[in-house]
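For reference, the chains in residue letters:
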Amino acid sequence: MFELNQVMPFPLKEKKREKGSEIWNKHVQFKSGERIKITAPSGTGKTTLIHQLYGLRNDYDGVIQFNGKDIKQFNADQVAIQRQLSISIIFQDLQLFEQLTARENIELKRILQTPFYESSKIEEMAQLLGIRGILDQSASTCSYGEQQRICIIRALIQPFDWLLMDEPFSHLDLENQHLAIQLINEECNKRNAGFVLTDLNDDQSFIYSRTLYL
Amino acid sequence: MNQLNTILGKIIRDSSGKTKLITAIIGLFVAILLLLISVQLQVNYNQLLNSKSNRDSIANFLVINKEMTDATLGNTQLGDSIIKRIKAQPFIDAVGLLTPSRYKASIESNSERFPFYTDISFESVPADFIDLNGTNWTWNEQSPYVPIIIPSMFLDFYNFQFSLSQNLPQLTPAVVKMILFKVTIYGKNGSRSFNGKIVGFSDRISSMIIPNEFMNWGNNLYASDSNQSVSRLVIRTKDPGNPILTQFLHENQLTTDSDKTRFSKYRKVVDAVVRIAGFTGIVLFLFALLVFTLFIQITIANSKIEIKRLIRLGTSPKQLSRFLMRKFFPIYCWLIFGALLLVMILQFLLKTSLTKQSIFIDFFISPITAFAALFLLVLIWWVNHRTIKKHIYQ
């Protein structure tokens, strides 16, 4: 469970807002298995929030707790264990290794910990998202749309309780979005996992537990 | 794990260049080799000094006295202060005072078939310095004879010179030990005769040795003066070739059998060679360690973005450390193994060559050298581990 208590990122402190936030400077809980949609216009801190929940940023007031413990208190190895076993992520800026093939990028996340799936699952998921043909291609030669789908599979190949998604479909057409949403839903259901998704649009792709305005 | 390391290997590449790496490897190898050789040489030398097969039983006992010069003529006594100073030296294990007989004495044959007579004098030393096992080395007035130890060279002198010139039979040590002869001492209370018997031959002290009890009894009753000063000492030392011992004797105008301390010159040379090899090894080793530390730093710095991304994705610093250690550590293991193997071969060759000169060292390298190699490996591991940890966790 995530619990945000009076959290306010330093860069947003001085920023004037027209509409009040339902997260910043509030007490908010994301309970296990909840599917949270975060919606907000650009520049209001969607990526910042995802990065804070993932433990990448510490520049904020207030406290974020994960399973009852302040995430700022976790050391580097504890953070790594969480990222391997509890929290998976789809970055907005993808974070792929261009020197690796698509398959190796996904495989890396599969074997960082005791594998959740056999390696054949990569092909199965790639087949579903229509990128099986580019699996052995260098990630640098894939299109943005293909790269985004690689990232989605990479996030789903590991065990997790929470999936953080930062504009995960920004490079996908509607048909591919639909396929990705289906796969994500399926994988979250399998694990009874919750997710936090940020998006510019007020879509209804998933069935959300809550939609919060940032 | 191997699969993960293969992928990590594609992400984190060393871009320092092969030539530099090979140069560093050669440097480290030479350094390790020099260090191990200097350790093994030191062990070999200690073995030569102390092992039973090499040790000369006389070499560890030195009789010392003042140098005879015009200045010391008639003044050869060793005062308490110098004796104390000698006892205090760390390279001297024990000091024994040599007590001279201060009365006239003679020995003569009891047999008319084999007549001899000569004036003599005796010395005595504490029993610890006597190298005769199983002999009853004591005397009292009821004793049937006075036990005497004579220098081995006396018998040699008799057998190979005197007997030939006087047309006398040669004698074996066993026969000599059976001869009972007459010992007479003369002094202020007249004279008295005893039976005497040679109980042993020694190479340690070049005078006729009698038990302390007989010496003290004789000196009390027959000495012409009561002067109890000491002119000669016998010392026991682990290493008569120790240059510090030679230096100490020289500084205090003391002298000993120079034959026994002649090794000190060779020892100085060996010490210098070992020290130079050891010092060069240490300096080279430190440089090589520094170069390898830099290699690791450069590898990490060149892959900074990739390492940051890996950590973002959940790679633990421990996994990265393990990967980097696995990348570099096998090199060190092979280098140390190679250097150890070469030292083994050199030791074998040295053994073969020295055996021909009747100098015996071990065929195999000593456990100390193997331990030194292990120590170097642990040291390298520790330095690498620290470097990696420091830079990965940054």
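Reference entry: report on the structure contained in this document. All of these numbers come straight from a predicted model, not from anything done at the bench. (Residues numbered from 1 in each chain as written. Chains lettered and ligands numbered in written order. Predicted model: local features only at pLDDT ≥ 70, side-chain atom pairs only at ≥ 80, totals over all residues. Heavy atoms only, no water.)

Quick word on the sheet that holds strand 7 (residues 180–187) of chain B
Backbone hydrogen bonds are what pair the strands of a sheet, in a parallel or an antiparallel way. Residues and elements named next belong to chain B. Taking strand neighbours across the sheet as the criterion, the five strands line up as 4-3-7-8-6 in an open arrangement whose pairing is mixed. Strands with a single pairing partner mark the edges of an open sheet, and in this sheet they are strand 4 (117–120) and strand 6 (146–151). The sheet shows a mean angle of 35 degrees between the axes of neighbouring strands, taken without regard to direction. Where strand 6 lies against strand 8 (residues 190–202), six bridges are found, and the strand directions are parallel. Bridge pairing in strand 8 places Ile 149 opposite Gly 200. Sheet contacts for helix 4 (residues 152–166): strand 6 and strand 8; angle to strand 6, the most-contacted strand, approximately 75 degrees. Of the strands in this sheet, strand 6, strand 7 and strand 8 are in contact with helix 6 (residues 212–222), which crosses strand 8 at around 155 degrees. (Pairing = 2+ DSSP bridges. Helix = DSSP H or I, 4+ residues; strand = E, 2+ residues; numbered from the N terminus. Axes fitted to C-alpha atoms, helices over the stretch in contact; angles between N-to-C directions. Contact = heavy atoms within 4.5 Å.)

Examining helix 11 (residues 367–392) of chain B
End to end, helix 11 of chain B covers 37 Å across 26 residues, agreeing with the expected 38 Å (1.5 Å per residue, within 8%). With a side-chain oxygen lying 2.9 Å from the backbone nitrogen of Ile 368 of chain B, the N-terminal cap of helix 11 of chain B falls on Ser 366 of chain B. (Expected span 1.5 Å × (residues − 1). Polar contact = N/O pair within 3.5 Å; in protein donor to acceptor, adjacent residues only side chain to side chain.)

Re the side chain of Glu 123 of chain B
Counting through the fold element by element, Glu 123 of chain B comes out in strand 5 (residues 123–124). Residues within four places of Glu 123 of chain B in sequence aside, it is in contact with Leu 98, Thr 99, Pro 100, Ile 205, Ser 207, Met 208, Ile 209, Ile 210, Met 215 and Arg 232 of chain B.

Let's talk about helix 2 (residues 76–85) of chain A
For helix 2 of chain A, every residue scored as buried is listed here: Asp 77, Val 79, Ala 80, Gln 82, Arg 83 and Gln 84 of chain A. Contact partners of the buried residues in helix 2 of chain A: strand 4 (60–66), strand 6 (87–90) and helix 3 (102–111) of chain A together with helix 9 (304–313) and helix 10 (317–355) of chain B. Among the residues of helix 2 of chain A, the N-terminal cap falls to Asn 75 of chain A, whose side-chain oxygen and the backbone nitrogen of Asp 77 of chain A are separated by 3.1 Å. (Buried < 20%, exposed > 50% of the residue type's maximum accessible area, 1.4 Å probe, protein only.)

With respect to the pattern of salt bridges
Inspection of the entire model under this criterion finds 14 salt bridges over all chains. The residue Arg 103 of chain A makes a salt bridge to Glu 123 of chain A at a minimum N-O spacing of 2.8 Å. Of this pair, Arg 103 of chain A sits in helix 3 while Glu 123 of chain A is found in helix 4 (residues 120–129), placing the two residues 20 residues apart along the sequence. On the basis of relative accessible area, Arg 103 of chain A is assigned to the partly exposed category, the value being 23%. Among the ionic pairs, Glu 104 of chain A bridges to Lys 10 of chain B, the shortest N-O distance being 2.3 Å. On the criterion of chain membership, the pair formed by Glu 104 of chain A in helix 3 and Lys 10 of chain B in helix 1 (residues 2–11) is interchain, its members lying in two chains. Residue class for Glu 104 of chain A comes out buried when judged on its relative accessible area of 15%. Take Lys 10 of chain B: its relative accessible area is 31%, and that puts it in the partly exposed class. (Salt bridge = Lys/Arg side-chain N within 4 Å of Asp/Glu carboxyl O.)

Focus: the packing of aromatic side chains
Evaluation of the coordinates by the stated rule reveals 21 aromatic pairs over all chains. With a centroid separation of 5.9 Å and 55 degrees between ring planes, the pair formed by Trp 217 of chain B and Tyr 222 of chain B is classed as tilted. Residue Trp 217 of chain B is classed as buried on the basis of its relative accessible area, which comes to 13%. You can call Tyr 222 of chain B buried: its relative accessible area is 6%. By the ring-pair criterion, three or more aromatic residues cluster together here, those being Trp 139, Phe 194, Phe 214, Trp 217 and Tyr 222 of chain B. Sitting over the face of the ring of Tyr 117 of chain A, Lys 121 of chain A holds its NZ or CZ atom 4.8 Å from the ring centroid. Its guanidinium or amino end placed over the ring of Phe 97 of chain A, Arg 309 of chain B lies 5.7 Å from that ring's centre, counting from NZ or CZ. (Phe/Tyr/Trp six-rings, centres within 6.5 Å; stacked < 30°, edge-to-face > 60°. Lys NZ or Arg CZ within 6 Å of the ring centre and 35° of its normal.)

Thoughts on the environment of Thr 237 of chain B
Residues and elements named next belong to chain B. Of note, Thr 237 is situated in the loop between strand 9 (232–236) and helix 7 (243–251). Using a relative accessible area of 2% as the deciding quantity, one classes Thr 237 as buried. Placed 175 residues apart in sequence, Thr 237 and Leu 62 show a C-alpha to C-alpha distance of 7.9 Å. Engagement of the side chain of Thr 237 in a polar contact is seen with the backbone oxygen of Phe 91, the distance being 2.8 Å.

Examining the packing of helix 4 of chain A against helix 6 (residues 174–191) of chain A
The angle between the axes and the distance between the axes are what describe a pair of packed helices. All names here are of chain A. Relative to each other, helix 4 and helix 6 sit at 145 degrees, their axes nearing to 9 Å. Residues Lys 121, Met 125, Leu 128 and Leu 129 of helix 4 pack against Asn 176, Leu 179, Ala 180, Leu 183, Glu 187 and Lys 190 of helix 6. In terms of residue class, the contact of helix 4 with helix 6 is made up of six nonpolar, one polar and three charged. (Nonpolar A, V, L, I, M, F, W, Y, C, P; charged D, E, K, R; others polar.)

Some thoughts on the interface of chain A and chain B
Listed per partner, the contact involves 23 residues of chain A and 19 residues of chain B. Taking both partners together, chain A and chain B bury about 2,000 Å²; carbon and sulfur atoms supply 60% of that area. In this assembly, chain A and chain B are joined by one salt bridge. The tally of links from chain A across to chain B stands at eleven residue pairs in polar contact (both at pLDDT 80 or more). Here the element with the most residues in the side of chain A that touches chain B is helix 3 of chain A; it accounts for six residues. Broken down by class, the residue content of the side of chain A that touches chain B amounts to eleven nonpolar, four polar and eight charged. (Buried area = accessible area lost by both parts, 1.4 Å probe.)

Details of the pairing of strand 1 (residues 61–66) of chain B
Residues and elements named next belong to chain B. Strand direction decides the pairing type here: strand 1 and strand 9, joined by five bridges, are antiparallel. Bridge pairing links Asn 65 to Arg 232 in strand 9. In this sheet, strand 10 (residues 254–255) lies alongside strand 1 in antiparallel orientation, the contact comprising two bridges. Its bridge partner lying in strand 10, Asn 65 is registered against Thr 255.

Comments concerning the environment of Ile 131 of chain A
Residue and element names in this part refer to chain A. If you trace the backbone, Ile 131 turns up in the loop between helix 4 and helix 5 (144–156). Residue Ile 131 is classed as buried on the basis of its relative accessible area, which comes to 1%. Beyond its immediate sequence surroundings of up to four residues, Ile 131 is in contact with Ala 126, Glu 146, Arg 149, Ile 150 and Ile 153.

A closer look at the sheet that holds strand 5 (residues 69–70) of chain A
All names here are of chain A. Reading across the sheet, the four strands line up as 2-1-4-5 and stay open at both edges, with antiparallel pairing between neighbours. A single partner strand is all that each edge strand has here, and the edge strands are strand 2 (27–30) and strand 5. Two strands pair when backbone bridges link them, and strand 1 (residues 2–9) and strand 2 are joined in this way by four bridges, in the antiparallel orientation. Along strand 2, the bridge assignment pairs Glu 3 with Gln 29. Each of strand 1, strand 2 and strand 4 touches helix 1 (residues 46–53); the most contacted strand, strand 1, lies at about 130 degrees to it.

Some details on the nonpolar core
Formed by 79 residues in total, the largest nonpolar core has its most connected members in Phe 2, Leu 4, Ile 23 and Phe 30 of chain A together with Ile 32 of chain B. Sequence-distant contacts of Phe 2 of chain A, that is, excluding residues within four places in its chain, are made with Val 28, Gln 29, Phe 30, Leu 53, Ile 64, Gln 65, Phe 66, Ile 87, Trp 162 and Leu 164 of chain A. Within the second largest apolar cluster, 37 residues are counted, among which are Cys 142, Cys 151, Met 165 and Phe 206 of chain A. (Core = buried A, V, L, I, M, F, W, Y, C linked by side-chain atoms within 4.5 Å.)

Topic: unusual backbone geometry
For Asn 25 of chain A, which is not glycine, the phi torsion reads 60 degrees and is therefore positive. Relative to the helices and strands, Asn 25 of chain A is located in the loop between strand 1 and strand 2. One non-glycine residue, Asn 167 of chain B, lies in positive phi territory at about 60 degrees.

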